[in-house]
Amino acid sequence: MTQQRVTGAARDDARLRDRLVFGDETAFTDLHERFSSLVYTIAARVTRDGRAAEDVTQEVFLALWQRPHAFDPAKGSLRGWLAMMAHRRAVDLVRREETQRRASLDGRLYAGAVSRGDPVGDQVSDADAAERLGTALRDLPEHLSRAITLAYLEGRTYREVAIELGVPEGTAKSRLREGLRRLSVALHGIHAHAGEQP
């Protein structure tokens, strides 16, 4: 009985894939109705963000619609393939966000804080920039400086910052954005003021 069920499911998966190959829009609707909650749940578990999970869900279904041959019924179930794709895409999204967050640190915290010049001047300038950064960080409100410290100095992810602070992940992201904005303003102000001195 179980073998018949598996064979029947594999046959259904193959038929659905074939309908997608021929551009059958009702097949896409059937696919979405059957598996969207599975894909969304996996994406939400990885990203911990409803909007990101919705994006991943759309990407997964769009990818299968555009390239239905990517799924091979002979290698496994459509359910398993979609689950694997949801997990992969969600992990990729989290990694991209992490990369962007780290790049944002480099671009925002030190923009204009380190002058260009000879190597000795750069070393002095780096020390000055670190001192200015420390001062600007201490001047931030506690809830912003703590978020910045956790994310950028201790290397925590958005999710880890949220857990550590006991706030939703969206709140943690907002605090990081606001903290970076204030640091950037403070560092640019300090840099501009230092440039005016004789």
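Quick caveat: nothing in here was measured; it's all calculated off a predicted structure. (Residues numbered from 1 in each chain as written. Predicted model: local features only at pLDDT ≥ 70, side-chain atom pairs only at ≥ 80, totals over all residues. Heavy atoms only, no water.)

**Let's talk about the packing of aromatic side chains**
Counting across every chain of the model gives 3 aromatic pairs. Judged by centre distance (6.4 Å) and plane angle (85°), the ring pair of Phe28 and Phe61 falls under edge-to-face. Taken together, the residues span a long stretch of sequence, with Phe28 in helix α2 (residues 25-47) and Phe61 in helix α3 (residues 50-66) at a distance of 33 residues. By relative accessible area, which is 25% here, Phe28 ends up partly exposed. (Phe/Tyr/Trp six-rings, centres within 6.5 Å; stacked < 30°, edge-to-face > 60°. Helix = DSSP H or I, 4+ residues; strand = E, 2+ residues; numbered from the N terminus. Buried < 20%, exposed > 50% of the residue type's maximum accessible area, 1.4 Å probe, protein only.)

**Digging into unusual backbone geometry**
For Arg48, which is not glycine, the phi dihedral falls at a positive 60°. Residue position: Arg48 is located in the loop between α2 and α3.

**As for the packing of α2 against α3**
A packed helix pair is summarised by two numbers, namely the angle formed by the two axes and the spacing between the axes. The contact between α2 and α3 brings their axes to 8 Å, and the two run at 140°. On the basis of their axis angle, the class for α2 and α3 is oblique. By crossing handedness, the relation of α2 to α3 is classed as right-handed. Counting all contacts with α2, which are made through Glu25, Phe28, Leu31, His32, Phe35, Ser36, Val39, Tyr40, Ala43, Ala44 and Thr47, the residues of α3 involved are Gly50, Ala52, Ala53, Glu54, Val56, Thr57, Val60, Phe61, Leu64 and Trp65. (Axes fitted to C-alpha atoms, helices over the stretch in contact; angles between N-to-C directions. Parallel < 35°, antiparallel > 145°, perpendicular 65-115°, else oblique. Left-handed = near helix turned anticlockwise from the far one by under 90°. Contact = heavy atoms within 4.5 Å.)

**With respect to the layout of surface pockets**
A volume near 150 Å³ is recorded for the second largest pocket. Lining the second largest pocket we find Thr47, Asp49, Ala52, Leu93, Val94, Glu97, Glu98, Thr157, Tyr158, Arg159, Glu169 and Lys173. Of all elements in the fold, only α4 (78-109), α7 (158-165) and α8 (169-196) reach the threshold of two or more residues within the lining of the second largest pocket. At 4 residues, the largest contribution of residues to the lining of the second largest pocket is made by α4. (1 Å grid on protein atoms, 1.4 Å probe; cavity = no way out; pocket = protein on both sides within 12 Å on 5 of 7 lines; lining within 4 Å. Points joined across faces, edges and corners; volume = space filled by probe spheres on them.)

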